[in-house]
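Descriptive structure summary
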Amino acid sequence: MLEKIKEIQQAGLEALAAVASEEALQGWKVTHLGRNSAIMGVFKNMGSVPKEQRGEVGRAANQAKQALEAAFEEKAAALKEAALQRSLQEERLDITLPGRAIPRGRLHPVTQTLREITRVFAEMGFQVYRSREVETDEYNFQLLNFPPHHPAREMQDSFYVQSAEARGDNPLLLRTHTSPGQIHAMRQFAAENPENPPPVRIILPGMCYRYEQVSTRYESQFTQVEGLAVGKDITFSDLKGTLADFARRMFGQDVRARFRASHFPFTEPSAEMDIQCFLCGGDGCQVCKRTGWLEILGCGMVHPNVLRNGGYDPERYTGYAFGMGPERITMLRHHIEDIRYFWANDLRFLEQF
Ligand code: DAH
């Protein structure tokens, strides 16, 4: 019997030596120390051991059991330590690794141009005035001196936002230019003091929409920056001086500007401003079509009817206005040959700016 106890202990210790995981250890415990284990069998069968040997056998069995238990505790501690070492090794945080870069967005090229234009006019004392994109025919055309059927409407084919039956004689449409903001702004300013309206000096940036035949030069959606100055004694030379100064601040101190007679219903007289080509310096190149000049904006003295529609008495007030297209300026600056890139949302294009 004593021999058998020794074997049980020996077998248990040998099996324990092969245990390499927490799971296997629990399995070993059931087999070698559990209720149905060999060593527990010895205790259970104590009754069949001759009386005079019981003391010795019992002591031997207890020793064997304690030896197995001690070995179990030791093994459990060793496994725990190994697991800790392993996790320290494997999950070590390497603080010298470079972090994951967060991709940075950027401003749309037209927004960049728009902000530059805004900055230049802000320096000259112009405030930004925001105006709605959905307009009535009245604001978009009639109050700007385009009566119904006026031929100048031809150039601004519109997107109507109501069904043909619902339109009536003052239909809602997407604004075709930022000019209706002139009327909204003047009316708001004039409301402050209808007898003696305050001077106006604002720019109106924003999105415009036209029912265009889309091509490399025309998009159905584009931005404009409108400008308006109204006050007493504002003259055409104020217009020329301000816009020539804008051109220098925007395109470079040496840039020359010229004005050509033009026509808009809401200005009289009207002009177009060209600047000396900033790519060839005026010598003539592909971008300026060998003329040495680039057309940048339309402008003029605010028509008396428009002043009146805004609540300003044309006998006492004068003003000038201008309008330009940031897409066009951006195209000239960066040699962009197709306006459709701006709304195509192709990152290969957008990431270049
Ligand atoms: N609204 C004109 C257009 O879209 C641009 C323009 C020209 C605006 C002359 C003006 C101006 O204020 O004076 O074609």
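Note that the structure is a prediction, hence the values are computed from the model and not measured.

Rules and cut-offs
- Residues numbered from 1 in each chain as written.
- Predicted model: local features only at pLDDT ≥ 70, side-chain atom pairs only at ≥ 80, totals over all residues.
- Heavy atoms only, no water.
- Phe/Tyr/Trp six-rings, centres within 6.5 Å; stacked < 30°, edge-to-face > 60°.
- Helix = DSSP H or I, 4+ residues; strand = E, 2+ residues; numbered from the N terminus.
- Domains from an automatic or database assignment.
- Patch = residues over 30% accessible without salt bridge, like charges linked within 9 Å, V, L, I, M, F, W, Y side chains within 5 Å.
- Areas by Shrake-Rupley, 256 points an atom, 1.4 Å probe, with all protein chains shown as cover.
- Salt bridge = Lys/Arg side-chain N within 4 Å of Asp/Glu carboxyl O.
- Buried < 20%, exposed > 50% of the residue type's maximum accessible area, 1.4 Å probe, protein only.
- Expected span 1.5 Å × (residues − 1).
- Contact = heavy atoms within 4.5 Å.
- Near = heavy atom within 4 Å.
- Polar contact = N/O pair within 3.5 Å; in protein donor to acceptor, adjacent residues only side chain to side chain.
- Nonpolar A, V, L, I, M, F, W, Y, C, P; charged D, E, K, R; others polar.

A few points about the packing of aromatic side chains
In the structure shown here, the tally under the stated rule is 15 aromatic pairs. Centre to centre, the rings of Phe 251 and Phe 278 are 5.2 Å apart; their planes meet at 10°, and the pair counts as stacked. Of the two residues, Phe 251 is situated in helix H8 (residues 236–251) and Phe 278 in the loop between strand S7 (267–276) and strand S8 (293–302); the sequence distance between them amounts to 27 residues. The structure contains a cluster of three or more aromatic residues connected by ring pairs, namely Phe 121, Phe 126, Phe 246, Phe 251, Phe 278 and Phe 322.

Focus: the domain arrangement of the protein
In terms of domains, the protein is made up of domain 1 (2–90) and domain 2 (109–350). Here domain 1 and domain 2 have C-alpha centroids that lie 93 Å from each other.

Some points on a nonpolar patch on the surface
The grouping of Val 134, Val 161 and Leu 172 at the surface amounts to a nonpolar patch, some 210 Å² of accessible area in total. By the secondary structure assignment, Val 161 is in the loop between helix H6 (137–140) and strand S3 (172–174). Overall, the relative accessible area of 44% leaves Val 161 in the partly exposed class.

Observations regarding H8
For H8, built from 16 residues, the straight-helix expectation of 22 Å at 1.5 Å per residue is met to within 8% by its first-to-last C-alpha distance of 22 Å. Contacts made by the buried residues of H8 are with helix H5 (109–123), strand S6 (257–264), S7, S8, strand S9 (318–324) and helix H10 (326–334). After H8 finishes, the residue Gly 252 shows a positive phi value of roughly 130°.

Quick look at the site of the ligand
In the neighbourhood of the ligand, 16 residues make up the surrounding shell, with His 177, Ser 179, Arg 210, Gln 224 and Glu 226 lying closest. In the environment of the ligand, a nitrogen atom lies 2.9 Å from a nitrogen or oxygen atom belonging to the side chain of Ser 179. Glu 226 is positioned with one of its side-chain polar atoms (N or O) 2.6 Å from an oxygen atom of the ligand. At the level of elements, strand S5 (221–231), S8 and S9 are the ones that each hand at least two residues to the shell around the ligand. In the shell around the ligand, the residues fall into five nonpolar, nine polar and two charged.

Regarding helix H1 (residues 2–18)
Helix length check: H1 (17 residues) gives 25 Å between terminal C-alpha atoms against 24 Å at 1.5 Å per residue, within 8%. Considering only its buried residues, H1 is in contact with helix H2 (22–33), helix H3 (38–44) and helix H4 (51–90).

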